[in-house]
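Survey of secondary and tertiary structure
Listed here are the chains, written in short residue letters.
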Amino acid sequence: MTQAPDTAARLDALLDATQTGEWEWDFTTGEITWSSTLGPLHGKPRGWAPGDYDEWKALIHPEDLPSLDEAAQRARATGAGYELEFRAAVPDDSIRWLWTRAEVVRDGDERLVGVTRDVTDRRRRDDAERFIARASQVLLATTSADAALQQLCDLAAAEIADWCLVQQVSETHPSSVLAVAHRDPGRADVISALHEGRRLRENGAEEPREAVISTRTTARVLLPEVGMEIVAPVLSEGGNVSALLVLGNAPSSRALDHHDVALAEALGRRTAVALERLRLLEAERGAARRTEALQRVGARLSAAATAEDVLRVAIEAGLATIGASGGSIAYPQRGAAARHRVTAGYSREDAAGTWETVPFDADLP
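Before going into details, it helps to say that this report is about the structure given with it. Computed from a predicted structure; not experimentally measured. Residue numbering note: each chain is counted from 1, following its sequence as written. This being a predicted model, a pLDDT of at least 70 is required before a residue's local features are given, and a value of 80 or more before pairs of side-chain atoms are given or counted; all residues contribute to the totals for chains, interfaces and linings. Hydrogens are left out, water is left out, and the side-chain values use all remaining heavy atoms of the structure.

Criterion for a salt bridge: a side-chain nitrogen of Lys or Arg within 4 Å of a carboxyl oxygen of Asp or Glu. Under the defined criterion, the tally for this structure stands at 18 salt bridges. With its nearest N and O atoms 2.7 Å apart, the salt bridge here joins Glu85 to Arg123. Of this pair, Glu85 sits in strand 3 (residues 82–88) while Arg123 sits in helix 4 (residues 120–140), placing them 38 residues apart in sequence. The partner of Arg300 in a salt bridge is Glu316, and the shortest N-O contact between them spans 2.5 Å. Taken together, the positions of Arg300 in helix 9 (residues 258–303) and Glu316 in helix 10 (residues 307–322) put the pair 16 residues apart, joining distant regions of the chain. The buried label applies to any residue whose accessible area, calculated with a 1.4 Å probe on protein chains only, is under 20% of its type's maximum; exposed applies above 50%, and partly exposed to all values in between. Of the residues examined, Arg300 reaches a relative accessible area of 42% and is grouped as partly exposed. For Glu316, a relative accessible area of 28% translates into the label partly exposed. By the criteria applied, helices consist of DSSP H or I runs no shorter than four residues and strands consist of E runs no shorter than two, each listed in order from the N terminus.

Attention now moves to the packing of helix 4 against helix 5 (residues 145–159). Axis angles are defined between N-to-C directions and span 0 to 180 degrees, where every axis is a line fitted to C-alpha atoms and, for a helix, only to the segment in contact. In contact at an axis separation of 9 Å, helix 4 and helix 5 are set at 155 degrees when each is read in the N-to-C sense. Our classification of the angle between helix 4 and helix 5 gives roughly antiparallel. Where helix 4 crosses over helix 5, the handedness of that crossing is right-handed. In this structure, helix 4 uses Phe131, Arg134, Ala135, Val138 and Leu139 to contact helix 5, whose residues at the interface are Ala148, Gln151, Leu152, Leu155, Ala156 and Glu159. For the contact of helix 4 with helix 5, the residue count by class is eight nonpolar, one polar and two charged. What sets the label is the angle itself: under 35 degrees gives roughly parallel, over 145 gives roughly antiparallel, 65 to 115 gives roughly perpendicular, and the rest give oblique. The hand of a helix crossing depends on one turn: near helix anticlockwise from the far one by less than a right angle means left-handed, and clockwise means right-handed. Whether two residues are in contact is decided by their heavy atoms: any pair within 4.5 Å suffices. Ten residue types, Ala, Val, Leu, Ile, Met, Phe, Trp, Tyr, Cys and Pro, are classed as nonpolar, four, Asp, Glu, Lys and Arg, as charged, and the remainder, Gly among them, as polar.

The structure is reproduced here in structure tokens:
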């Protein structure tokens, strides 16, 4: 890769602007040559290049190395080019996605020549969109708010963060944890306890959460000796913060970045929509239950043969509404010296004897 100085300078500028590098692998000598712009794509200094094929392999994420190594070896054996996306094993453990395209050149020497470009932003956006789509399906697949939040946390902890939790907001303060999941299930209770009341204040993490609540904006929060969290608001229909959605990573995991902030914000919005849908669904179910109850009461009233039967139906309907176990109605009878009492829900012993009638001048039991 030898060019005139002006041409080389213009090419470097173009490669820099597009986060691209070019490379060659000489099959005969084993020498690998990189443009000066390729090193930074792998977390190395500008102008750095691997000394041999084995050193190059050490730059590739272990999960992606087999497919990339197979493509390179197949190109060497058959002359077939390839195009792949893979993750670079960069020193800071961040996720770096690269795209590469290579062709075999036979012009006296056999070489594999190619270009590599940083596609992290595009890949992270695509991955986030796919995750949001799966999360939306989870949130829409249940009619229980508790189950929806727990399944969302389970999915997030399995795929995008070490832990995920949803914390209820009481007025302007974070309060109880509604759902929590951790990649290590044994740590879920520990994370939950760290976010409750006094522990949250001790960690210095309550004030940043209150700022999220007051400003309705997402923030990154450091929990000493625990890790980094992204805290996103979940807004109610009225625009108030009803809950906080939290994604967290331990210090040993990758650093959470602006891509994760955008993802947390999107999850917060989808969660808000799902909770509002479930609230409306529960309101509809409640209205349907009340309608059914009124219809049953109406049918029983229509079938009542005496005034006492009517009163007993009314008492039982009231008991079902408030969840009480027994009740009574005392009413005057023409020419009687006392109120007559109709009961429902009481045992035979409780309803017997002097409880059957109540004098007019006595307090009602």
